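An overview of the molecular structure
Each chain, letter by letter, is given below.
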Amino acid sequence: MSLDQLNWKILKCLQSNSRLSNAEIGRQVGISSPAVSERIKKMEDLGIIQNYHTTVSPFEVGYQLKALITIRAFMGMLKPFLEKVKTFDEVINCYRITGNENIVMEVVLKNQKHLETFIDQLIVYGETKTQIVLSHVIKHNPVKPLK
């Protein structure tokens, strides 16, 4: 499916606030609520719209640290790690990457002691590097049309 300008306008609305009603989106993009609903359904069916979610502030629910941790897996330890990482509650995003490291994770932690304990669980799988996140520069930037 090729996305026309109207579909991109709908996606822009949903990416800024996925709780907008179809009627409100219709008012913003200039079409009826049923037309918005039909276009959204098509984009969902095609996998363009993958899901809707709520973003929770880790700091407001008690986590004091957010960190990026990279792992350079030891020989033979990448596949076991890829299974194990799914069990860690601390991990909010995990990517397999190219380069010297194999994995980059975004994690939330209660404090420095929690970070130390978490890293102790990781070091059996490979060499780790940790960066503490100070602030977001860009957060949830919307996907835009290709130029």
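Residues numbered from 1 in each chain as written. Predicted model: local features only at pLDDT ≥ 70, side-chain atom pairs only at ≥ 80, totals over all residues. Heavy atoms only, no water.

Things to note about the overall build of the protein
What counts is decided by this rule: Numbering goes from the N terminus for both helices and strands, where a helix is a DSSP run of H or I of at least four residues and a strand is a run of E of at least two. Taken over C-alpha atoms, the radius of gyration is set against a globule rule of 2.2 Å times the number of residues to the power 0.38. Contacts: residue pairs with any heavy atoms within 4.5 Å of one another. The method behind every accessible area is Shrake-Rupley, applied with a 1.4 Å probe, and residues are considered shielded solely by the protein chains displayed. Under the convention used here, Asp and Glu are negative, Lys and Arg are positive, and both His and the chain ends fall outside the count. One atom stands in for each charge, and that atom is NZ of Lys, CZ of Arg, CG of Asp or CD of Glu.
Looking only at helices and strands, one finds five helices and four strands in the protein. If you list the helices and strands of the protein from N to C, you get α-α-α-β-α-β-β-α-β. Over its C-alpha atoms the protein spans a radius of gyration of 20 Å, topping by over 25% the 15 Å that the globule rule assigns to 147 residues. Dimensions of the protein, computed from the C-alpha atoms along their principal axes, are close to 55 × 35 × 25 Å. A sequence separation of at least 24 residues applies to 62% of the contacts in the protein between residues at least 6 apart. Carbon and sulfur atoms form 52% of the exposed surface of the protein, whose accessible area is close to 10400 Å². With 19 positive and 14 negative side-chain charges, the protein shows a separation of 5 Å between the mean positions of the two kinds.

With respect to helix α5 (residues 112-122)
The cut-off we apply is this: Here's how the labels work: a residue is buried when its accessible area is under 20% of the maximum for its type, exposed when over 50%, partly exposed in between, all with a 1.4 Å probe on protein chains only. The arc in question is the one traced by the directions running from the helix axis out to the C-beta atoms. In protein, a polar contact means a hydrogen-donor-capable atom and an acceptor-capable atom, both N or O and within 3.5 Å, with residues adjacent in sequence counting only if both atoms are side-chain atoms; elsewhere, any N or O pair within 3.5 Å suffices.
Turning to α5, its buried residues number three or more, namely H114, L115, F118, I119 and L122. Buried residues in α5, looked at end-on, bunch into an arc of 135°, giving them a common side. Check the buried side of α5 and you find it contacts β1 (65-73), α4 (78-84), β2 (91-96), β3 (103-109) and β4 (126-132). Put simply, N111 is the residue that caps the front of α5, since its side-chain oxygen is 3.2 Å from the backbone nitrogen of K113.

Details of the packing of helix α1 (residues 5-16) against helix α3 (residues 33-45)
How we decide: In this description, a line fitted to the C-alpha atoms serves as the axis of each element, helices being fitted only across the stretch in contact, and the angle between N-to-C directions of two axes falls anywhere from 0 to 180 degrees. Roughly parallel means an angle under 35 degrees; roughly antiparallel, over 145; roughly perpendicular, 65 to 115; everything else is oblique. Residues are sorted three ways: Asp, Glu, Lys and Arg are charged, Ala, Val, Leu, Ile, Met, Phe, Trp, Tyr, Cys and Pro are nonpolar, and all the rest, Gly among them, are polar.
Where α1 contacts α3, the two axes come as close as 11 Å, and the packing angle between them is 85°. For the element pair α1 / α3, the angle class is roughly perpendicular. Here α1 contributes L6, N7, I10, L11 and L14 to the contact with α3, which in turn contributes V36, R39, I40 and M43. In terms of residue class, the contact of α1 with α3 is built from seven nonpolar, one polar and one charged.

Looking at the sheet that holds β1
This is how the line gets drawn: DSSP-based pairing: two strands are paired if at least 2 bridges between them are found.
The antiparallel open sheet is built from four strands, whose spatial order is β2-β3-β1-β4. Of all strands in the sheet, those bounded by a partner on one side alone are β2 and β4. Taken over all neighbouring pairs, the strand axes of this sheet differ in orientation by 20° on average, direction set aside. Note that β1 and β3 share seven bridges and pair antiparallel. Bridge assignment links A67 to a residue of β3, and that residue is V107.

Some words on the environment of V108
Its place among the elements puts V108 in strand β3. Distance in space between the C-alpha atoms of V108 and K144 is 28 Å, their sequence separation being 36 residues. For V108, the residues in contact, after removing those within four places along its chain, are P58, Y63, L65, K66, E90, I92 and H114.

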